Amino acid sequence: MDTKRLDSPLALAAGAMLAWMIHCNSQLAAHSGPLQASWLAHGLGALTALALWRATSGRERPAAGRPPRWAYLGGLPGALTVALAAIAVNSPLALAGTLALAIAGQLLFGLLCERFGLLAARRALTVHDALAALLVLGGCAVLIFAVQEPI
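Here's what I pulled together on the structure shown here.

Cut-offs used in this document
Residues numbered from 1 in each chain as written. Predicted model: local features only at pLDDT ≥ 70, side-chain atom pairs only at ≥ 80, totals over all residues. Heavy atoms only, no water. Helix = DSSP H or I, 4+ residues; strand = E, 2+ residues; numbered from the N terminus. Contact = heavy atoms within 4.5 Å. Expected span 1.5 Å × (residues − 1). Buried < 20%, exposed > 50% of the residue type's maximum accessible area, 1.4 Å probe, protein only. Axes fitted to C-alpha atoms, helices over the stretch in contact; angles between N-to-C directions. Parallel < 35°, antiparallel > 145°, perpendicular 65-115°, else oblique. Left-handed = near helix turned anticlockwise from the far one by under 90°. Nonpolar A, V, L, I, M, F, W, Y, C, P; charged D, E, K, R; others polar.

With that settled, consider the side chain of threonine 98. Along the polypeptide, threonine 98 turns up in helix H4 (residues 94–116). Not counting residues up to four positions away in its chain, the partners in contact with threonine 98 are Ala85, Ala88, Val89 and Leu93.

Okay, helix H1 (residues 7–32) next. For H1, built from 26 residues, the straight-helix expectation of 38 Å at 1.5 Å per residue is met to within 8% by its first-to-last C-alpha distance of 36 Å. Among the residues of H1, those classed as buried are Ala19, Ile22, Asn25, Ser26 and Ala29. Contacts made by the buried residues of H1 are with helix H2 (34–56), helix H3 (75–89) and H4. Of the residues one or two after H1, glycine 33 is the one with positive phi, at around 115°.

This brings us to the packing of H2 against H3. For the pair H2 and H3, the least separation of the axes is 9 Å and the interaxial angle reads 135°. Between H2 and H3, the interaxial angle falls into the category oblique. For the element pair H2 and H3, the recorded crossing hand is right-handed. Here Pro34, Leu35, Ser38, Ala41 and His42 of H2 come into contact with H3, specifically with Gly78, Ala79, Val82, Ala83, Ala86 and Ile87. When grouped by side-chain class, the residues that make up the contact of H2 with H3 number eight nonpolar, three polar and no charged.

So, in structure tokens, the structure goes:
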């Protein structure tokens with residue numbers, strides 16, 4: 001199945017699910033603590049991934065060869081993200097501020113990785129990259145520091 005047409009909708013859905021996940025984990029962390037919430041979230045996530053893997057086994061087309069060794073470490077930042085986001089959401093940042101800063105962190109880290117060839121192909125950054133980063137950071141500042149008037 002060609003997923004090119006689905007890339008953008010799938011990325012948007014993943015972003016929405018990330019917000020939902022962080023909200024659920026922050027509520028759990030408020031009643032149990034961020035580390036326990038992380039353990040529970042990753043346990044349920046592992047069971048869900050196992051069920052999906054079993055349901056789709058044999059239909060995947062993995063890339064040839066072996067992944068780099070560092071690729072097996074993806075669970076480490078995942079666990080830290082869940083725990084740290086649960087703490088941040090239960091602060092004055094709330095869900096929207098936490099997600100805005102998380103997106104800014106992802107963008108800046110992604111640009112650094114691409115600029116220096118870390119975890120991704122090396123490429124020169126463009127004026128458009130800088131403009132996108134400034135707009136995202138500006139949006140974060142407006143969301144976090146602006147006086148909040150109810151709509």
